[in-house]
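What follows is the residue order along each chain.
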Amino acid sequence: MRSDPHGSGFDGPDPVATTAAGSGPSGSHGPDTNHPGEARDLARARDQLLAGGSRQHRLDAASLRNALVDLHEFWLTTKGNELGIRPDSGFAIVAVGGLGRREMMPYSDLDLILLHDDVAPARVAEVADQLWYPLWDAHIKLDHSVRTVPQALQVAAGDLTATLGMLEARHIVGDIELSHLLIGGVRRQWRTGIRSRFDELVEQAQARWARSGQIAHRAEPDIKNGRGGLRDVQLLNALSIAQLTDGMPGLGPDTPGGGLALAHRRLLDVRTELHRAAGRSRDQLRAQDADEIGAALRIGDRFDLARTLSDCARTIGYSVDVGLRTANNSLPRRGLSKLRRVPMRRPVDEGVVEQSGELVLARDARPKRDPGLIVRVAAASAASGLPISASTLGRLSDSAPELREPWPKGALSDFLVLLGSGQRVVPTIEALDRTGLWGRLLPEWGAVRDLPPRDAVHTWTVDRHLVETVAQAAALTTRVPRPDLLMLGALLHDIGKGRGGDHSEVGAELAAQIGARLGLWPSDIALLTGMVRHHLLLQQTATRRDLDDPSTVQMVADKLGGDPVLLELLHALAEADSLATGPGVWGDWKSSLIGELVRRCRLTMAGEPLPVPDPIDPDLAELAAAGGVHVALVPGTSAHTYVVTVVAPDTPGLLSHEAGVLALNSLRVLSASLGHHGEAAVNSFVVAPRFGAPPQAGLLRQELIRAIAGEIDVLAQLDTKEREARENQPLEDHTAAAVPVQYAQAPPRVIWFDADSGATEPGQAIVEVRAEDRLGLLSRLARVLERHGADVRWAKVSTLGSSVVDSFCIRLADIDTRAQRVRLEGAILSVVPSPQPKKEDGASSAESTA
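Residues numbered from 1 in each chain as written. Predicted model: local features only at pLDDT ≥ 70, side-chain atom pairs only at ≥ 80, totals over all residues. Heavy atoms only, no water.

## Considerations on helix α23 (residues 564-581)
The condition that has to hold: Per the convention used, a helix needs a DSSP run of H or I reaching at least four residues, while a strand needs a run of E reaching at least two, with both numbered from the N terminus. By this rule, a helix spans an expected 1.5 Å times one less than how many residues it contains. Three exposure classes are used, based on accessible area relative to the maximum for each residue type with a 1.4 Å probe and protein chains only: buried under 20%, partly exposed in between, and exposed over 50%. In the analysis that follows, any N or O atom pair within 3.5 Å is treated as a polar contact, provided that within protein one partner can donate a hydrogen and the other can accept it, and provided that, for residues neighboring in sequence, both atoms belong to side chains.
Its 18 residues place the ends of α23 26 Å apart at the C-alpha level, agreeing with the 26 Å of an ideal helix rising 1.5 Å per residue. For α23, the tally of buried residues reaches 17 of 18 residues, placing the bulk of the element in the interior. The N-cap residue of α23 is D563: its side-chain oxygen and the backbone nitrogen of V565 are 3.0 Å apart.

## Structural notes on the nonpolar core
Heads up, the condition is: In this description, a nonpolar core means a group of buried Ala, Val, Leu, Ile, Met, Phe, Trp, Tyr and Cys residues linked to one another through side-chain atoms lying within 4.5 Å. The contact rule is simple, with two residues in contact once any of their heavy atoms fall within 4.5 Å.
Counting residues in hydrophobic clusters, the biggest one holds 90 residues, and the most contacted among them are F415, W438, W445, L486, L488 and L491. Counting residues per element, this core draws most heavily on α23, which supplies nine residues. When neighbours within four sequence positions are excluded, L486 is seen to be in contact with A473, L476, T477, V480, M531, L569, A572 and L573. Counting residues in each nonpolar core, the second largest holds 56 residues, with I113, L115, A152 and A169 among its members.

## Looking at helix α18 (residues 483-492)
Counting buried residues in α18 gives 10 out of 10 residues, a clear majority hidden from the surface. Along α18, the positions that sit buried rather than exposed are P483, D484, L485, L486, M487, L488, G489, A490, L491 and L492.

## Re the side chain of R464
By the element assignment, R464 lies in helix α17 (residues 462-473). For R464, the residues in contact, after removing those within four places along its chain, are Q214, H217, R314 and V426.

## Observations concerning the sheet that holds strand β9 (residues 642-649)
Using the following cut-off: By this definition, two strands are paired if DSSP reports at least two bridges between them. With axes taken as lines fitted to C-alpha atoms, and helix axes fitted only over the stretch in contact, angles between N-to-C directions fall between 0 and 180 degrees.
In spatial order, the strands read β8-β9-β11-β10-β14-β15-β13-β12; together these eight strands make up an open sheet with antiparallel pairing. Here the strands that pair on one side only, and so sit at the sheet edges, are β8 (630-635) and β12 (749-753). Between one strand axis and the next, the sheet turns by 15° as a mean value, whatever way the strands run. Across 10 bridges, strand β10 (residues 667-677) lies against strand β11 (residues 680-689) in antiparallel orientation. Bridge assignment links S673 to a residue of β11, and that residue is S684.

## A closer look at the sheet that holds strand β4 (residues 170-174)
By way of backbone hydrogen bonds, the strands of a sheet pair with one another, either parallel or antiparallel. Judged by pairing direction, the sheet is mixed, and its four strands sit side by side in the order β3-β2-β1-β4 without closing on themselves. Either end of the sheet is taken by a strand with one partner, and the two such strands are β3 (142-147) and β4. On average, each strand axis in the sheet is tilted by 25° relative to the strand beside it, whichever way the strands run. Packing against the sheet, helix α5 (residues 149-158) makes contact with β2 (110-116) and β3, and its axis sits at approximately 120° to β3.

## Considerations on the confidence of the model for the protein chain
Worth spelling out the cut-off: For every residue, the predictor assigns a confidence score, pLDDT, that lies between 0 and 100.
Across the protein chain, the average pLDDT comes to 87, with 87% of residues at 70 or higher. Here residues 1-34 scores under 50 on pLDDT; set against residues more than four positions off or in separate chains, the count is 87 contacts. Contacts from residues 840-850, a stretch scored under 50 in pLDDT, to residues over four places away or in other chains number 18 contacts.

## What about the pairing of β10?
Counting buried positions along β10 gives nine out of 11 residues, so the element sits mostly inside the fold. The antiparallel hairpin formed by β10 and β11 contains two residues in its connecting segment, where G678 sits at a positive phi of about 65°. Pairing analysis gives four bridges linking β10 to strand β14 (residues 791-800), with the strands arranged antiparallel. If you follow L674 over to β14, its bridge partner there is A795.

## A word on the packing of helix α12 (residues 373-384) against helix α14 (residues 409-419)
How we decide: Throughout this description, any angle smaller than 35 degrees is read as roughly parallel, any larger than 145 degrees as roughly antiparallel, any in the 65 to 115 degree range as roughly perpendicular, and the remainder as oblique. In this scheme the handedness of a crossing depends on how the near helix is turned from the far one: anticlockwise by less than a right angle means left-handed, clockwise means right-handed. Each residue is assigned to one class: nonpolar for Ala, Val, Leu, Ile, Met, Phe, Trp, Tyr, Cys and Pro, charged for Asp, Glu, Lys and Arg, and polar for all the others, Gly among them.
Remark: α12 packs on α14, axes separated minimally by 8 Å, with the N-to-C direction vectors making an angle of 30°. One element, α12, and the other, α14, form an angle in the roughly parallel class. As α12 runs across α14, the sense of the crossing is left-handed. In this structure, α12 contributes V375, R376, A378, A379, A382 and A383 to the contact, and α14 contributes A411, D414, F415, V417 and L418. Grouping the constituent residues of the contact of α12 with α14 by class yields nine nonpolar, no polar and two charged.

## Concerning the pairing of strand β13 (residues 764-772)
Along β13, nine of the nine residues are buried, which leaves the element largely enclosed by surrounding structure. Across the two faces of β13 the burial is the same, with Q764, I766, E768, R770 and E772 and A765, V767, V769 and A771 all buried. In this structure, β13 lies alongside strand β15 (residues 803-811), joined through nine bridges in antiparallel fashion. Counterpart to A765 in the pairing with β15 is I810.

## What about the pattern of salt bridges?
A pair can form between side chains of opposite charge whenever their charged atoms are brought close. Test applied: Salt bridges are counted wherever a side-chain nitrogen of Lys or Arg sits within 4 Å of a carboxyl oxygen of Asp or Glu.
Going through the model one piece at a time under the given rule, you end up with 52 salt bridges. One salt bridge connects E430 with R434, and the closest N-O pair in it is separated by 4.0 Å. One end of the pair, E430, and the other, R434, are both in helix α15 (residues 425-434), four residues apart, so they sit about a helical turn from each other. The residues E430 and R434 share a single accessibility class, namely buried. Residue R780 pairs with D719 through a salt bridge whose shortest N-O separation is 2.7 Å. Taken together, the residues span a long stretch of sequence, with R780 in helix α29 (residues 777-787) and D719 in helix α28 (residues 714-727) at a distance of 61 residues. Salt bridges sharing partners connect three or more residues here, namely R266, D311, R314, E430, D433, R434, R449, D450 and D463.

## Observations concerning the environment of A277
Tracing the sequence through the fold places A277 in helix α9 (residues 260-278). On a C-alpha basis, the gap between A277 and I293 in space is 7.3 Å, while along the polypeptide they are 16 residues apart. Excluding residues that lie within four positions of it along the chain, A277 makes contacts with E292 and I293.

## Things to note about the packing of helix α7 (residues 176-212) against helix α11 (residues 302-330)
It is the contact of α7 with α11, at a shortest axis distance of 11 Å, that shows an interaxial angle of 160°. Taken together, the axes of α7 and α11 are roughly antiparallel relative to one another. Read as a crossing pair, α7 and α11 show a hand that is left-handed. Contacts between α7 and α11 involve F198, V202 and W209 from the first element and V320, L324, A327 and N328 from the second.

## Some words on the side chain of E73
Within the secondary structure layout, E73 lies in helix α2 (residues 61-82). There is a polar contact of 2.6 Å between the side chain of E73 and the side chain of R170. Setting aside its immediate chain neighbours within four residues, E73 contacts L99, R102, R170 and I172.

## Here we look at unusual backbone geometry
The amide bond that connects E405 to the next residue, P406, takes the cis arrangement and shows omega of -5°. Mapped onto the fold, P406 is located in the loop between α13 (390-399) and α14. Here D118, not a glycine, exhibits a phi torsion of approximately 55°, which is positive. For D118, the location among the structural elements is in the loop between β2 and α4 (121-137). For D118, a relative accessible area of 65% puts it in the exposed group. Even without being a glycine, H139 presents a positive backbone phi close to 60°.

## A word on the environment of A672
Structurally, A672 can be placed in strand β10. Note on A672: relative accessible area 8%, which makes it buried. Sequence separation between A672 and D806 is 134 residues, and the spatial gap between their C-alpha atoms is 9.0 Å. Discounting residues that sit within four places of it in the chain, A672 has contacts with S684, F685, A795, K796 and V797.

Okay, here's the thing in structure tokens:
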């Protein structure tokens with residue numbers, strides 16, 4: 001069945017897709033066809049272009065498309081003139097689809113609209129028959145419609161697919177004013193109605209992505225309809241026509257892959273060669289055609305082609321994300337929202353503010369003078385779930401200088417916050433990578449960028465697998481004593497791929513140079529390189545060797561140098577790596593085997609080193625002996641860090657008051673060493689201001705004295721400040737991915753060490769808290785210990801990115817009573833962030849070790 005070519009009205013919801021491709025009336029060449037075979041010349045010419053002789057002499061993909069466009073335009077122009085379709089005829093032929101975009105594929109449908117200006121039905125029927133029938137007889141695939149301009153506009157008003165098709169319309173022959181009425185009318189109608197159609201546009205794109213998947217990570221991707229494909233470029237063009245975006249947002253020629261325009265051309269070339277190789281219209285790239293297409297485009301083999309496709313698709317995908325976000329913020333407003341001319345700006349971090357659901361630079365930010373700004377913006381984005389605006393990324397790319405080596409501690413801390421943000425790390429790193437900023441932070445990343453996996457079990461490209469491993473590792477940070485090294489090891493464990501040789505050995509060398517650049521201690525660099533070198537050791541040994549053989553366990557222990565910390569890091573990394581590889585790679589069988597191997601290795605090792613107190617500086621001891629409250633603030637060893645030292649009588653609640661005052665003054669505690677001298681507490685805090693310069697030491701002293709006297713309720717003010725921060729979270733739909741601050745990626749963990757295993761005096765114990773940070777966490781923990789009658793004799797506090805490892809040596813009545821420990825654990829867990837509850841997870845999130 002075919003639609004009525006005489007076209008007095010609708011022949012379907014889509015003005016260009018109402019007839020089965022290539023179909024016409026069965027057994028008939030149509031009435032009044034003067035030259036029934038003339039379109040066969042068009043088919044023969046097309047076939048000659050596609051044949052093209054040897055590979056050396058045939059047209060390349062771009063030239064072939066241009067030749068096909070010229071060929072079809074020439075035929076339609078000639079035929080139109082023959083039929084009397086001239087400037088004053090009241091008829092016009094308009095092309096949409098591939099011909100309309102000048103992107104004619106070898107076996108694409110010919111999408112045409114025959115426009116007429118209320119011409120008599122008999123004349124319309126005569127012209128339509130003589131235009132369509134020759135094409136059908138020549139087996140040219142044809143999608144057609146016959147309309148007046150008002151009819152076409154009516155169809156566009158009610159059908160989004162039809163609208164998107166007609167936005168690409170282009171005049172071919174006939175009355176050009178008639179074509180302009182259609183093209184201008186559709187575009188004007190699209191611009192004025194975009195506010196009511198935007199949600200439908202987004203939903204349609206999301207449904208298409210759900211059906212076709214991501215081109216970048218599919219073994220046999222859909223080049224046209226997949227996420228990051230040609231349809232997405234058309235989506236961006238539609239947003240540009242609606243005057244909501246510039247069509248190529250946030251990307252320039254210096255970005256990896258050359259930007260959006262080059263990515264678009266490459267996908268067109270791949271689809272062109274796909275048609276040529278298949279001998280018919282096809283959008284899905286099959287594995288058996290990949291080598292031929294790669295060779296035809298001089299890209300290389302199927303792996304090289306896959307890498308090119310990943311780069312193109314991710315560039316286009318990022319551009320679509322930016323385009324949709326920009327368009328949403330640019331939509332015409334109604335009601336009271338029209339009165340809000342200037343978007344509200346909310347401070348997020350030093351030099352970073354939130355505006356319209358995106359992170360932008362503060363007005364006083366100076367990217368040229370602030371090398372750490374790139375990492376700080378990225379950390380703020382991942383921590384808040386808010387995307388970085390394209391203009392901010394562009395400004396950082398143009399202006400921000402290179403970080404000096406080694407990195408300042410503040411930059412490393414922000415980098416760890418970024419890595420510890422769970423799944424939110426993925427879009428943040430993707431945005432940095434697509435705009436060239438990630439490669440500036442990690443130049444070694446270029447070798448793994450878009451690198452396809454050689455093993456079918458892997459879901460992602462190598463670089464995306466590394467980022468997914470980081471996201472999985474964020475949920476395991478409280479299982480290890482060094483969460484910072486776990487995150488770095490997850491990021492770098494496959495960094496040696498794509499360079500030849502054993503990727504574990506190559507990667508270990510790269511990890512050493514990266515660790516030095518980041519400013520890690522030599523001992524930490526040794527642990528990091530050990531993680532990368534041995535990241536497959538536990539998995540391969542547990543699944544391929546006899547665990548009952550003592551030599552197997554001894555071999556693993558020897559390779560790890562008897563280091564229990566490295567063992568624990570590798571155990572967590574093995575799980576994160578497997579979870580990030582693909583479905584079914586990590587299961588009960590593999591988990592139990594690796595767990596048993598780790599348990600046996602742990603028995604042969606000395607165990608984790610216990611925390612010990614730092615010695616008291618003699619000058620501070622003298623100050624403590626003199627009595628009174630003393631507060632000093634001096635610059636730290638790295639930029640933007642300071643050391644706050646407090647010497648005060650050891651009164652109940654002192655530590656909670658100290659930490660609370662620091663938090664209320666927007667000083668983030670990076671580390672702390674807490675001790676006693678006589679009856680005085682001697683506490684040193686390494687802090688970093690969240691905004692600007694720190695307050696004066698005198699102000700901190702005054703507030704501390706007031707807190708000790710009970711004039712300031714520190715915890716109440718911390719609760720208020722945290723609640724206001726949550727309430728200021730934007731509520732627009734595009735920030736739905738943001739995770740509330742009270743939820744953590746990893747479950748908190750409480751570990752006990754008995755007095756005879758490390759405490760300095762009888763009746764003491766060491767309790768270690770591993771958790772994710774929150775505002776005033778140290779103050780809250782100190783208050784919990786105080787309320788349960790625990791006397792903190794000394795403590796060591798470390799903030800590693802978004803994770804904290806706080807060790808307290810406490811003296812507590814009945815400390816050996818299990819019930820007493822359980823009550824204290826419960827109180828500790830009540831103030832630390834915990835993962836969002838899951839219906840199927842009823843287990844306790846804490847772990848206690850005697």
